[in-house]
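Working through the structure, step by step
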Amino acid sequence: MTDDLQKRIQAALANPQNMGELADADAVGTVGNADCGEMLRMWVKFKEQDGKQVIDRATFQSFGCETAIAVASLATELIRGKTAAEALSLRPEELAGELGPLPPMKIHCAQLVEGAMRSALSPKTETCARPVAAAAMTTPTTAPTLLDSFSKPKEGGVKITFLDN
Ligand code: FES
C-alpha cells in the first residue's frame, strides 16, 4: 500500500462517520469475508423525499481492517439522499470515494462494504438480511451488535453471508 493511500485512510479513520448501530433502521445487512475474517454490518434508514424513498442515514459496525472502516465511513456518507437503486448502482471503487484506487489486496475491503450495503438494500438477493418493505412495517427493537452475531445463536432475521473473492 502506498504512503499516500495510507495517509488518506488514516485521515478517514481520524474522524470516522456513521459508526455504530442505528436502532430504528429500516434495513440491516451483514457480510463476512472468510479469508481475512473481517465482518461488516450496515444499517439503513429511509425517508420520503420528493415522492421517493431515499436513504436518510446509514451506519455500520465492523470487525474490520482500517481500509474497510475507512471505506464504510465514506460510503455511508456517499449514499445519503440516494434511492436504494442508486446506491446499489455504485461500484466498490466508487464507494471508496476520496480514498482513490485501492491496491489489489485491498479491493475486497471495499467489496465487503458493498456487500453489506447490498445485503441491506437488495431484498430479493440471497444476501438479503431483511426485506426493506417488511422491515419498514416492523418496529425494530435494539439491533444486535456484531459481537452478538458471534456469541448468540440466530433466531432468524439476520443472515451472515461470506463473500467470494
Ligand atoms: Fe479483509 Fe480489509 S483485509 S476486509
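Above this text is the structure in question.
Being a predicted model, the structure only gives us computed values, none of them experimental. Each chain carries its own residue numbering, running from 1 in the written order of its sequence. Note on the predicted model: pLDDT of at least 70 is required for a residue's local features to be given, and 80 or more for side-chain atom pairs to be given and counted; whole-chain, interface and lining totals, by contrast, use all residues. To get the side-chain values, take all heavy atoms of the structure and skip hydrogens and water.

This paragraph deals with the overall build of the protein chain. Each helix is a run of H or I in the DSSP string that is no shorter than four residues. Each strand is a run of E no shorter than two, and both are numbered from the N terminus. A tally of regular secondary structure across the protein chain gives 7 helices and 4 strands. Secondary structure elements of the protein chain occur, N-terminal to C-terminal, as α-β-β-β-α-α-α-α-α-α-β. Here the protein chain holds 165 residues, and the buried ones make up 46% of them. For every accessible area listed, the method is Shrake-Rupley and the probe measures 1.4 Å; residues are considered covered only by the protein chains on display. Accessible surface for the protein chain amounts to roughly 8400 Å². Of this, 54% is attributable to carbon and sulfur atoms. Burial classification: accessible surface area is computed with a 1.4 Å probe over protein chains only, and a residue below 20% of its type maximum counts as buried, one above 50% as exposed, and the rest as partly exposed.

With that settled, consider the environment of E66. Here E66 is to be found in helix 2 (residues 66-78). Remark: the alpha-carbon pair of E66 and Q6, spanning 60 residues in sequence, is separated by 9.5 Å. Throughout, a contact is declared for two residues whenever any of their heavy atoms are within 4.5 Å. Excluding residues that lie within four positions of it along the chain, E66 makes contacts with Q6, I9, Q10 and L13.

For N18, which is not glycine, the phi torsion reads 65 degrees and is therefore positive. Take N18: it is sitting in the loop between helix 1 (3-14) and strand 1 (27-32). Residue classification places N18 among the buried residues on the basis of a relative accessible area of 7%. The residue D50 is not glycine, and still its phi comes out positive at about 50 degrees.

Looking at the element boundaries, T59 is found in strand 3 (residues 52-63). A distance of 2.7 Å separates a polar side-chain atom of T59 from the backbone oxygen of G20. The residues touching T59, leaving out its near neighbours within four places in the chain, are N18, G20, E21, L22, R41, M42, W43 and T76. A 3.5 Å cut-off defines polar contacts: any pair of N or O atoms within that distance qualifies, except that in protein one atom must be a possible hydrogen donor and the other a possible acceptor, and neighbouring residues in sequence count only when both atoms are side-chain atoms.

Moving on: the pattern of salt bridges. Within this document, salt bridges are pairs made up of a side-chain nitrogen of Lys or Arg and a carboxyl oxygen of Asp or Glu, the two lying within 4 Å of each other. Following the criterion strictly, the structure yields 6 salt bridges and no others. Residue R91 is joined to E94 by a salt bridge in which the shortest nitrogen-to-oxygen separation is 4.0 Å. E94 gets classed as partly exposed once you look at its relative accessible area, which sits at 31%. Bridged by salt links that share partners, the residues R91, E93 and E94 form one connected network.

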